[in-house]
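# Summary of structural features
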Amino acid sequence: MNMMNKKIELLAPAGDLEKLHAAINYGADAIYMGGKSLGLRAKAKNFDFGEIAEAVFYAHSHKAKIYITANIFAHNDDFEGIEEYLLELGKIGVDALIVSDPGIFSIAHKVLPEMDIHISTQANVTNKHSVEFWQNQGAKRIVLARELSIIEIKEIHDSIKTIDTSFELESFVHGSMCISYSGRCLLSNYMTGKDANRGECTHPCRWKYNLMEENRRGEYLPVFEDERGTYIFNSKDLCMVPYLPELIEAGVESLKIEGRMKSAYYVALVTGVYRQALDDFLKDSELYTAKIPYYLSELKKASHRDFTTGFYFGKTTSGDQVYTNSSYVKNYDFVGIVKSYDEENNLAKIEQRNKFSIGDEIEIMRTNGDVFTQLIEKIYDEKMGEIESAPHPQQIVYIETIKSVGNFDMLRKRL
């Protein structure tokens, strides 16, 4: 099968409805999100049934799909009410469930036999025999373990496609990387009593650590010489935008962005960049190659750690870890989002997110992928009185723009 002739899905995260709107408007083909039960991001706002219904309606009206996570490692008490929960998701019309636990899978397959079920990366599927097992159970898609190389993915793809040409492979292409094998971590549970495998990770891998020798109690020695300490469990962020051709040729049909806990600006920017990159590649591979520096420069305008290609080109090394700090690189502030635009007066209605003022030079990131620079010469309040700045959270203001803008376009300011 020629993968270039098959639709490649861009799959984005949503932790709330604003992020869902951002992801879809910036080019996502599908959204993965959590309900109030069975998901691995308990700290995300997540969605009740009414919000899921709203999300499904919005997505389907934009020809996008909704996948609901149900991928915790379930204990006995997690199964209370599960059939009713799943049946309600079916009635709402979600497009697929993302599952890792065989018990949840069996119940979902029983009560929703027509529902597509995707096997979560938490199930750490790393070989063609596991893929075949899940195929035989009735799964539609495998979210491959992030520990696989591109060569291994190609081997899996070539094996399964001889059995079922409709079966799909999904892989992560961008975002935070868990330090533990396929996300199976006990650090949070041990140190805080919050179970990462049931959605409550407190991310102790990002904390600062020092070494103490048994007979020298109280003497804390940095593992790496740095006055701030060391962050020995801290991975760089995954970034595969320069290697989309290799992933697609290997047989990946869904490119997944991590980030249900990230901001709407992050989701919009990353989704928009990968949308451009994917479309450019499928249209003109030389154009895509020429624009790789641009894609990378745009991705660095979101809060991020240094980038890595993870396991795709072999085993990770010390170069894929961050030893000196656990913080993100942040060069830009998200300062506002466009709510409407008056074409006659070139006037954009803005909902403020961080302070901006007269004289600031900002960039406006449009949903169609184009970015332009705008000098803020005047700011008007809701009564069209001139003001010097927009300092209040979610304050509604108006600014003139040199180009037309639209709903969900975002304003950012270099720090």
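Definitions and limits used
Residues numbered from 1 in each chain as written. Predicted model: local features only at pLDDT ≥ 70, side-chain atom pairs only at ≥ 80, totals over all residues. Heavy atoms only, no water. Helix = DSSP H or I, 4+ residues; strand = E, 2+ residues; numbered from the N terminus. Buried < 20%, exposed > 50% of the residue type's maximum accessible area, 1.4 Å probe, protein only. Contact = heavy atoms within 4.5 Å. Areas by Shrake-Rupley, 256 points an atom, 1.4 Å probe, with all protein chains shown as cover. Axes fitted to C-alpha atoms, helices over the stretch in contact; angles between N-to-C directions. Parallel < 35°, antiparallel > 145°, perpendicular 65-115°, else oblique. Left-handed = near helix turned anticlockwise from the far one by under 90°. Phe/Tyr/Trp six-rings, centres within 6.5 Å; stacked < 30°, edge-to-face > 60°. Lys NZ or Arg CZ within 6 Å of the ring centre and 35° of its normal. Nonpolar A, V, L, I, M, F, W, Y, C, P; charged D, E, K, R; others polar. Core = buried A, V, L, I, M, F, W, Y, C linked by side-chain atoms within 4.5 Å. Expected span 1.5 Å × (residues − 1). Bend = angle between axes of the 7 residues up to and from the residue. Pairing = 2+ DSSP bridges.

So, on to the overall build of the protein. When helices and strands are tallied, the protein shows 10 helices and 20 strands. Taking all 415 residues of the protein together, the buried fraction comes to 54%. By sequence separation, contacts in the protein at least 24 residues apart represent 69% of the contacts at least 6 residues apart. As displayed, the protein offers around 19100 Å² of accessible surface, 48% of which is attributable to carbon and sulfur atoms.

This paragraph deals with the packing of helix 1 (residues 17-25) against helix 9 (residues 264-283). With their axes 8 Å apart at the nearest point, helix 1 and helix 9 run at an angle of 15 degrees to one another. Comparing their axes, helix 9 and helix 1 come out roughly parallel. Crossing of helix 1 against helix 9: the hand is right-handed. For the pair helix 1 and helix 9, contact is made by Glu18, Lys19, Ala22 and Ala23 and by Ala264, Val267, Ala268 and Thr271, respectively.

Quick look at unusual backbone geometry now. A positive phi is found at asparagine 124, a non-glycine position, where the angle reads about 35 degrees. With respect to the secondary-structure elements, asparagine 124 resides in the loop between strand 5 (116-119) and helix 5 (128-137). Here phenylalanine 408, not a glycine, exhibits a phi torsion of approximately 80 degrees, which is positive.

Quick look at the side chain of serine 171 now. Relative to the assigned elements, serine 171 resides in strand 7 (residues 168-175). Serine 171 gets classed as buried once you look at its relative accessible area, which sits at 2%. Apart from residues lying up to four places away in sequence, serine 171 is in contact with Leu144, Ile153, Val252, Ser254, Leu255, Lys256 and Tyr312.

Two numbers describe a pair of aromatic rings. These are the distance of the centres and the angle of the planes. Summed over the entire model, instances satisfying the criterion amount to eight aromatic pairs. Centroid distance phenylalanine 49 to tyrosine 85: 5.6 Å. Interplanar angle 40 degrees. Geometry classified as tilted. Taken as a pair, phenylalanine 49 in helix 2 (residues 49-61) and tyrosine 85 in helix 3 (residues 82-92) lie far apart in primary sequence, 36 residues in all. Judged by its relative accessible area of 35%, phenylalanine 49 is partly exposed. Aromatic ring contacts, followed pair by pair, group Phe281, Tyr288, Tyr294 and Tyr295 into a single cluster. The positively charged end of lysine 256 is found above the aromatic ring belonging to tyrosine 32, 4.4 Å away from the centroid. It is lysine 262 that lies over the ring of tyrosine 266; its NZ or CZ is 4.2 Å from the centre.

On to the packing of helix 9 against helix 10 (residues 285-299), then. Angle between the axes and distance between the axes: these two values describe a pair of packed helices. At their nearest, the axes of helix 9 and helix 10 sit 8 Å apart, and the two run at 170 degrees to each other. Considering their axes alone, helix 9 and helix 10 lie roughly antiparallel with respect to each other. For the pair formed by helix 9 and helix 10, the contact residues are Leu269, Val270, Val273, Tyr274, Gln276, Ala277, Asp280, Phe281 and Lys283 on the first element and Ser285, Leu287, Tyr288, Lys291, Tyr294, Tyr295, Glu298 and Leu299 on the second. For the contact of helix 9 with helix 10, the class distribution of residues is 11 nonpolar, two polar and four charged.

This brings us to the nonpolar core. Counting 102 residues, the largest nonpolar core has Ile31, Met33, Ile66, Leu86, Tyr274 and Met410 as the members making the most contacts within it. The element best represented in this core is helix 9, accounting for 12 residues. Apart from residues no more than four positions distant in its own chain, methionine 33 is found in contact with Ala14, Leu20, Phe47, Ile52, Ala55, Ile66, Tyr67, Ile68, Thr69 and Arg260.

To continue, consider helix 10. End to end, helix 10 covers 20 Å across 15 residues, agreeing with the expected 21 Å (1.5 Å per residue, within 8%). At lysine 291, helix 10 shows its strongest bend, of approximately 50 degrees, with the proline proline 293 following within four residues. Along helix 10, the residues classified as buried are Tyr288, Ile292, Tyr295, Glu298 and Leu299.

With that settled, the discussion passes to the pairing of strand 2 (residues 30-34). By the criterion of burial, strand 2 is predominantly enclosed, with five of the five residues buried. Both faces of strand 2 are covered, namely the face carrying Ala30, Tyr32 and Gly34 and the face carrying Ile31 and Met33. With three bridges connecting them, strand 1 (residues 9-13) and strand 2 associate as parallel partners. Among the inter-strand pairings, proline 13 is bridged to a residue of strand 2, identified as tyrosine 32.

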